[in-house]
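Close look at the chain arrangement
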Amino acid sequence: MTKVALLLAFDRASYFQRHHPPLALGYLAAYLKAGVPDVDVRFFLSPQEALQFEPDLVGISSVTQNIPIAVEMARQMTVCGAPVVLGGIHVSLLPETLPQPFTFGVLGEGEQTLADLVRWRRGEIADPASIDGLVIRDGGRLVQTAPRSPLARLDDLPFPDVALLGRHWEADYHSRMLMYSSRGCPYRCLFCAGARFWRTYRCFSPEYVVREIESRCAEFGTRWFDFWDDLFIGDEGRLRRFAELFLERGLREKVVLGFSVRSNLVSKERARLFARLGVENVNFGAESGSDRVLRAMNKTGVTVAVNQRAIDLLHDYGIFVNCSFVFGFPDETAAEMEQTLNFIERNRDKLADIGYFPLLPFPGTPYWDLARERGIVSLDMDWRAFEMNYSEIDWDRFPMLAEKVSRTELKSFLDRANQLRNEIAAAHFQRRAKR
Ligand code: B12
Ligand code: SF4
């Protein structure tokens, strides 16, 4: 029996991070259980608990800002003598930074690569250098193996093992289940690291998605399925077939849905379809109240008017709309940020909630390259500077690219967005209570 311990580097102080069980680890665990015989894979919240399991292989998942937490976890895990592997977006986009004491980094989609590492661990694969999708240590150097091809059919993946995660988390699968129905996004907004990580847009089939919903309903009696895909509606044929199946199987009466769209893909016909499906909430990145800034960030097909039309249509069909906004593009002026706040203000009665973030130059994006040229970021920087939650940003170390406003001004725009957000969310809460 090969014992695999999975951990997530997360910030326990962050409400946001504490409330969402990491589905990625659920996918990895389910894939190992289904595809590799004699594996005991478990999830642990802390290295102390994982050490008692005496694992043969340790896997830790981390985003950029949590890398210091991941390193500390790995340091504690080395006591058990098992190889310690780092996976997730950060190491995938910056493999040359694989920190000590990690043995390997898994680059990109992790299921097949982790399964191969288990086979290597039990002697079925002789040389880790022959495994695709790794960064490995060769003497003092870091070397990448051949790239891992993405899974040809996402439907070959088993449903993520949410039971493995749930008991550790403040999650209530009866009220709400997070789900994915696709990986990646066909667009390339300049600030977006996720689309660069996945490179392609692949979807689970409508049949698979409906089966997963039904299986969760049977197991947990789930009422609300919240899809965290980058883009749920990027494939018209799939959306139509999903809608047919969803209605045919009587799911409309049992559950509500929430997912992400893109404003340029919201038509009257689609808004009507969402309402027929009983979609409760729809999210999209409206990003800015300025057409110039939208163009500069490569928000293809999206203008302020297109965003407005999408909000109006969705609102007319009774769907809760949640938009997110980004402040602080390199050449964005104070007047343009003001336009964004005005846009939010104009729509305050139509929005259920808003997200508001400062532009961060995430690894893998063109803004990372620009920030490196300017000496704002580096390969040995303090990764905690990538905190994007308004209330947790440390403004002294924030890697800011905006040239036309000061740090204090940028912060004051986010303060005002935060104030608007509180008002919008409170008003929505009241409207919802009356509904
Ligand atoms: C949904 C989502 C969330 C959800 C996660 C829901 C859930 N519990 O599953 C929530 C809302 C909780 C969330 C939180 C955060 N998120 Co988020 N999130 C996303 C989003 C939109 C999709 C992620 C996704 O596709 N997951 C699907 C799974 C299957 O993919 P995956 O997680 O990448 O895992 C695969 C591989 O990475 C790899 N892998 C991952 N871990 C490991 C570990 C091992 C051992 C191995 C072998 C492989 C492996 O294998 C997995 C399966 O193939 C992405 C954007 C994107 N498209 O990637 C942003 C994104 C990943 N998030 C981001 C950020 C910043 C955060 C937060 C830090 C926000 C915050 N300030 O709180 C937190 C961090 C939470 C945490 N501790 O990890 C950034 C990360 C950028 C970066 N370089 O760090 C992204 C890219 C969005 C962006 N701004 O561009 N997020
Ligand atoms: S549409 Fe959304 S997910 Fe797609 S590239 Fe743009 S920001 Fe990223």
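What counts and what doesn't
- Residues numbered from 1 in each chain as written.
- Chains lettered and ligands numbered in written order.
- Predicted model: local features only at pLDDT ≥ 70, side-chain atom pairs only at ≥ 80, totals over all residues.
- Helix = DSSP H or I, 4+ residues; strand = E, 2+ residues; numbered from the N terminus.
- Buried ≥ 20, exposed ≤ 12 C-beta atoms within 10 Å, placed from the backbone.
- Contact = placed C-beta atoms within 7 Å.
- Near = placed C-beta within 6 Å.
- Nonpolar A, V, L, I, M, F, W, Y, C, P; charged D, E, K, R; others polar.
- Domains from an automatic or database assignment.
- Axes fitted to C-alpha atoms, helices over the stretch in contact; angles between N-to-C directions.
- Parallel < 35°, antiparallel > 145°, perpendicular 65-115°, else oblique.
- Left-handed = near helix turned anticlockwise from the far one by under 90°.

Before going further, it helps to spend a moment on the environment of Met388. Turning to its location among the elements, Met388 is positioned in the loop between α15 (366-373) and α16 (407-434). Overall, Met388 belongs to the partly exposed group, with 19 C-beta atoms counted inside 10 Å. For the pair formed by Met388 and Leu359, sequence separation is 29 residues and the distance between their alpha carbons is 8.4 Å. Contacts of Met388, omitting those with residues within four sequence positions, involve Phe357, Pro358 and Leu360.

Attention now goes to the site of ligand 1. Residues in close proximity to ligand 1 total 45 residues, the closest being Gly59, Ser61, Gly87, Gly110 and Gly194. Partitioning the shell around ligand 1 into residue classes produces 26 nonpolar, 14 polar and 5 charged. If you count residues domain by domain, the shell around ligand 1 takes at least three from each of domain 1 (2-144) and domain 2 (161-433).

Right, let's talk about the domain arrangement of the protein chain for a bit. When the domains of the protein chain are assigned, the result is domain 1 (2-144) and domain 2 (161-433). For domain 1 versus domain 2, the distance between C-alpha centres works out to 28 Å. Counting from both sides, the interface comprises 26 residues of domain 1 and, opposite them, 24 residues of domain 2. Contributing elements (two or more residues each) for the side of domain 1 that touches domain 2: α1 (15-18), α2 (23-35), α4 (67-77) and α5 (89-93). At 6 residues, α2 tops the list of elements feeding residues into the side of domain 1 that touches domain 2. Partitioning the side of domain 1 that touches domain 2 into residue classes produces 14 nonpolar, 9 polar and 3 charged.

Looking now at the packing of α2 against helix α6 (residues 111-121). Packed helix pairs are characterised by how far apart their axes lie and by the angle those axes make with each other. α6 packs onto α2 with a crossing angle of 55° between their chain directions and a minimal axis gap of 9 Å. Comparing the axis directions of α2 and α6 gives the class oblique. The handedness of the crossing between α2 and α6 comes out as right-handed. In this structure, α2 uses Tyr27, Leu28, Tyr31, Leu32 and Gly35 to contact α6, whose residues at the interface are Glu111, Leu114, Ala115 and Val118. When its residues are assigned to classes, the contact of α2 with α6 shows 7 nonpolar, 1 polar and 1 charged.

Attention now goes to the packing of helix α9 (residues 206-220) against helix α10 (residues 236-248). Interhelical geometry of α9 versus α10 gives an angle of 40° and a closest axis separation of 9 Å. Put simply, α9 runs oblique to α10. Seen from above, α9 lies across α10 with right-handed handedness. Taken together, the residues of α10 that come into contact with α9 (itself represented by Pro206, Glu207, Val209 and Val210) are Arg238, Arg241, Phe242, Leu245 and Phe246. Grouping the amino acids of the contact of α9 with α10 by side-chain chemistry returns 6 nonpolar, no polar and 3 charged.

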